[in-house]
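Chain and residue survey
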Amino acid sequence: MPHRIGSTTISCHRGRLALIAVLALTFTGSASSQDIIAEATTSAITIDGRLDETTWQDAPFTTGLRAIDLGEELAAQQTRFAFRLDDEFLYLAVRAEEPEPDHLQTKATVRDGKVWQDDCIELMIDPSGQQVEYFHLVASASATVCDAWMRQGGHVRSVEWDADLQAATHIGQDHWSLEMAIPLIAIGPFAGSGEAWVFNLSRSRRAGGKQQLSTFAALSGSFHQPTEYVPLQAQGVDLSAYRWQLSPP
């Protein structure tokens, strides 16, 4: 079948956000207990849904998403991901194995619509490390996106929080991939707080005819459990420019 590429660019009134999820051909590890690192990159990344850049060829990719509510059982169709970082963006690369790419569900076409009901990748990231508030970023196989600021442990969802989100997808013969980039300024003072970041990456698959949910963090029942998210280490970049400091009154 011919390859297809989808993309979207979104402007907003608050912050700037680009999340890049990119297709990967190599990967490492399969346990959420391992250290996940966003290493500095000095080369440019083109947001086209493909893995062409040297930085992704050299990146350590991680796999081992579990089928939610099935304990340690791995998802039948695996997902691989990696992070990179520079002084402006956090990058994420993802490759989702898919034996039925012609049946990918991509019904949502409106920004901030019910993208999570399609074949999609979800990133939950808390750069404060407090595991109470976090950002929820969703992109479908057609590059339709939804983003929100989750508060009170994920019980309060603020879709009013918007960002300039760029996303691009590529659909191959046995997989689909998503490429995106998060401007650090979009996540405000949290990125430079000095605290350890936490995150989870999850996938909703519907191409097989029924919903199949998988998650990197060990979760049950819901993806929205920030207390169970896993550490993400940012290395090689000075984030102090994003730190807010308040003087005593």
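Keep in mind the model is a prediction, meaning the values are calculated, not measured.

What follows covers the confidence of the model for the protein chain. Residues with a pLDDT of 70 or more make up 80% of the protein chain, whose mean pLDDT is 83. Here residues 9-33 is a poorly scored stretch, pLDDT under 50, and it has 122 contacts once near neighbours within four places are set aside; other chains count.

Right, let's talk about the nonpolar core for a bit. Proteins that are soluble and globular tend to have nonpolar side chains buried together. Grouped together as the largest cluster of nonpolar side chains are 50 residues, with contacts concentrated most on F81, F83, L90 and F199. Excluding its chain neighbours within four sequence positions, the residues that come into contact with F199 are I36, F81, F83, L123, M124, I125, F216, Y229, V230, P231 and L232. W56, F61, A93 and A181 belong to the second-largest nonpolar core, a separate cluster that totals 10 residues.

Take the packing of aromatic side chains next. Using the criterion set out here, one finds nine aromatic pairs in the structure. Both rings, one in F83 and one in F199, keep their centres 5.1 Å apart while their planes meet at 80°; by these two values the pair is edge-to-face. Placement of F83 in strand β4 (residues 79-85) and of F199 in strand β12 (residues 197-205) is noted, with a sequence separation of 116 residues between them. When sorted by exposure, F83 lands in the same class as F199, which is buried.

Once that is clear, we can look at the side chain of Q78. Counting through the fold element by element, Q78 comes out in the loop between β3 (66-67) and β4. Taking the relative accessible area as the measure of exposure, Q78 reaches 11% and is therefore buried. Among the polar contacts made by the side chain of Q78, one reaches the side chain of T63 at a distance of 2.8 Å. Within the structure, Q78 has its side chain in polar contact with the backbone nitrogen of G64 (distance 3.0 Å). Setting aside residues no more than four positions away along its own chain, Q78 makes contact with T63, G64, L65, R95, A96, E97 and R203.

What counts, and at which threshold
- Residues numbered from 1 in each chain as written.
- Predicted model: local features only at pLDDT ≥ 70, side-chain atom pairs only at ≥ 80, totals over all residues.
- Heavy atoms only, no water.
- pLDDT = per-residue confidence, 0-100.
- Contact = heavy atoms within 4.5 Å.
- Core = buried A, V, L, I, M, F, W, Y, C linked by side-chain atoms within 4.5 Å.
- Buried < 20%, exposed > 50% of the residue type's maximum accessible area, 1.4 Å probe, protein only.
- Phe/Tyr/Trp six-rings, centres within 6.5 Å; stacked < 30°, edge-to-face > 60°.
- Helix = DSSP H or I, 4+ residues; strand = E, 2+ residues; numbered from the N terminus.
- Polar contact = N/O pair within 3.5 Å; in protein donor to acceptor, adjacent residues only side chain to side chain.

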